[in-house]
Amino acid sequence: GAGVSQTPSNKVTEKGKYVELRCDPISGHTALYWYRQSLGQGPEFLIYFQGTGAADDSGLPNDRFFAVRPEGSVSTLKIQRTERGDSAVYLCASSYDPGVNEQFFGPGTRLTVL
Amino acid sequence: KNQVEQSPQSLIILEGKNCTLQCNYTVSPFSNLRWYKQDTGRGPVSLTIMTFSENTKSNGRYTATLDADTKQSSLHITASQLSDSASYICVVTSYGGSQGNLIFGKGTKLSVKP
């Protein structure tokens, strides 16, 4: 596709449930990033992939959060035992190469934990 | 601590007027600074990027400035349009740390009224 896509666009779940959020980066982009954005705040870094490996996962808030990118393209952010505080917009971005290259953002997945 | 501070937090202007948004940062070492526009419900879109040696960059009605000595940047919008209503986010990238760890400001929410 022409841009970064994310599915679903909206996800409502109950406290304690497991959710998966998917990101399809721009074809050929080796770097992929996940961010979390709360209302009125800037995006907060979660994890960054270079190819298939997580180059930096220091932003993941706790061990309930996990992300994979098994083939170096599509990535899935997984959240176990969701809590109400996990409610936010989860943004994915990709870039051709890390560093100074521009990150292209997807539209985000709005997660609501009831 | 690496931080990016933006002001004002929100701004309302009339269509056709100019405005200037501010960004101060305490990020070191510095690689580049980007301004992003984020429409409601959408991912951020890059407007400009400046490296250490650049002190001004234009993109249509948007002009960004950078003073690397004082660690300040501004985004000037000329002849505002209703479609300029959005959040404007200042993002600074640092060398040396994780390549995935960009430092985001909280954004300035701009409302352009007819």
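Here's what I pulled together on the structure shown here. (Residues numbered from 1 in each chain as written. Chains lettered and ligands numbered in written order. Predicted model: local features only at pLDDT ≥ 70, side-chain atom pairs only at ≥ 80, totals over all residues. Heavy atoms only, no water.)

What follows deals with the pairing of strand E5 (residues 45–51) of chain B. Two faces belong to every sheet, and in a regular strand the side chains alternate between them. All names here are of chain B. Inspection of the sheet shows strand E4 (residues 30–38) paired to E5 by six bridges, in the antiparallel sense. Each bridged residue has a counterpart across the sheet, and for Leu 33 the counterpart in E5 is Met 50. Count of turn residues in the E4/E5 antiparallel hairpin: six residues, of which Gly 41 carries a positive phi of about 80°. (Pairing = 2+ DSSP bridges. Helix = DSSP H or I, 4+ residues; strand = E, 2+ residues; numbered from the N terminus.)

Per the counting criterion, the structure on display carries seven salt bridges over all chains. Of the charged contacts in the structure, one is a salt bridge between Arg64(A) and Glu83(A), with a shortest N-O distance of 3.5 Å. You can see Arg64(A) sitting in the loop between strand E6 (53–56) and strand E7 (65–68) and its partner Glu83(A) sitting in the loop between strand E8 (75–79) and strand E9 (88–95), a full 19 residues away along the chain. The exposure class assigned to Arg64(A) is buried, which follows from its relative accessible area of 6%. Judged by its relative accessible area of 39%, Glu83(A) falls in the partly exposed class. Of the charged contacts, one joins Arg61(B) and Asp84(B) as a salt bridge, the two residues approaching to 2.8 Å between their closest N and O atoms. With Arg61(B) in the loop between strand E6 (56–59) and strand E7 (62–67) and Asp84(B) in the loop between strand E8 (72–77) and strand E9 (86–94), this pair connects stretches of sequence that are 23 residues apart. On the basis of relative accessible area, Arg61(B) is assigned to the partly exposed category, the value being 23%. (Salt bridge = Lys/Arg side-chain N within 4 Å of Asp/Glu carboxyl O. Buried < 20%, exposed > 50% of the residue type's maximum accessible area, 1.4 Å probe, protein only.)

On to the sheet that holds E7(B), then. Residues and elements named next belong to chain B. Spatial strand order, E1-E3-E8-E7-E6: five strands in an open sheet with antiparallel pairing. The two strands at the open ends of the sheet, each matched to only one other strand, are strand E1 (4–7) and E6. Across this sheet, the average inter-strand angle for adjacent strands is 15°, counted without regard to direction. Summarising the sheet, strand E3 (residues 19–25) and E8 pair through six bridges and their orientation is antiparallel. (Axes fitted to C-alpha atoms, helices over the stretch in contact; angles between N-to-C directions.)

All names here are of chain A. Assignment of secondary structure puts Val 12 in strand E2 (residues 10–13). As for Val 12 and Ser 87, which are separated by 75 residues in sequence, their C-alpha atoms are 9.1 Å apart. Leaving out residues up to four positions away in the same chain, Val 12 has contacts with Thr 112 and Leu 114. (Contact = heavy atoms within 4.5 Å.)

Judged by nonpolar contacts, the single largest core of 25 residues is most densely connected at Val4(B), Tyr25(B), Leu33(B), Trp35(B), Leu75(B) and Tyr88(B). Sorting the residues of this core by element identifies E3, E4, E5, E7, E8, E9 and strand E11 (108–113) of chain B as the ones contributing at least two each. Leave out the neighbours within four places in its chain, and Leu75(B) touches Cys19(B), Thr20(B), Leu21(B), Trp35(B), Leu47(B), Tyr62(B), Thr63(B), Ala64(B) and Tyr88(B). With 20 residues, the next largest nonpolar core counts Val4(A), Cys23(A), Ile79(A) and Cys92(A) among its residues. (Core = buried A, V, L, I, M, F, W, Y, C linked by side-chain atoms within 4.5 Å.)

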